[in-house]
Amino acid sequence: MGRVDEYFQQLKETLDAIEQWPIEEVISWLHQARVNGRTVFIMGNGGSASTATHFVCDLAKNTRQPDAPPFRVIGLADNMAILSAYANDEGYENVFAQQLANLVQPEDVVIAISTSGNSPNVLHAIALARQKQARTIGFTGFSGGKLASMVDLQVHVPSNCIEQVEDIHLIFEHLITKALRDMATDYPST
């Protein structure tokens, strides 16, 4: 078996092992957030920051329908000025929590994307979000790390291959966005 075949085979096996109900629950929670005017915050580091940014873009733009309310969505890895200011002055472990402290409200949704589930800045932000009574979701891989037990809902990729975990997190993001766009067409015309 060649390298390409091996990668694809491992990816297929991992996709087949994923529990689907948490993804359905994420779709439901985000739909409720949209309907109720709650804000969705998304964060991650490195490749997960890229997925978070992509998710923000897709929720904000690709779910729009004329009669449906828009998503209120903020990427916590997207403002380099505030990120670097908090990192410099208060430590990198606080870059997401300090942004949330100013903005998050009860019943908002905070999504943490972390392949390891052990990034200190993500864990601090989730702890703060829970204190503020926000709903928390973790996209994880590997063992799920500390994040798995901290979030209200975990969407787990059962793989120890970081590239494949990141691949599948992006699949989740696209799947969720498409489902929410399809749900938005059910709004009655005014």
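Residues numbered from 1 in each chain as written. Predicted model: local features only at pLDDT ≥ 70, side-chain atom pairs only at ≥ 80, totals over all residues. Heavy atoms only, no water.

Draft legend 1. Structural detail: the nonpolar core. Judged by nonpolar contacts, the single largest core of 30 residues is most densely connected at Leu-30, Val-40, Ile-42, Ile-111, Phe-139 and Ile-176. Of all elements in the fold, only helix H2 (21-35), strand E1 (39-44), helix H3 (47-62), strand E3 (109-114), strand E4 (135-140), strand E5 (153-156) and helix H8 (162-184) reach the threshold of two or more residues within this core. In terms of nonpolar packing, the next biggest core, distinct from the first, is built from 21 residues, Tyr-86, Phe-96, Val-122 and Ala-125 among them. (Core = buried A, V, L, I, M, F, W, Y, C linked by side-chain atoms within 4.5 Å. Buried < 20%, exposed > 50% of the residue type's maximum accessible area, 1.4 Å probe, protein only. Helix = DSSP H or I, 4+ residues; strand = E, 2+ residues; numbered from the N terminus.)

Draft legend 2. Local environment of the packing of aromatic side chains. Summed over the entire model, instances satisfying the criterion amount to 2 aromatic pairs. Consider the rings of Phe-139 and Phe-172, whose centres lie 5.7 Å apart with planes at 85°: the pair is edge-to-face. Of this pair, Phe-139 sits in strand E4 while Phe-172 sits in helix H8, and the two are 33 residues apart along the sequence. Residue classification places Phe-139 among the buried positions, given a relative accessible area of 0%. Residue class for Phe-172 comes out buried when judged on its relative accessible area of 2%. (Phe/Tyr/Trp six-rings, centres within 6.5 Å; stacked < 30°, edge-to-face > 60°.)

Treat this as a map of the structure, not an account of what it does.
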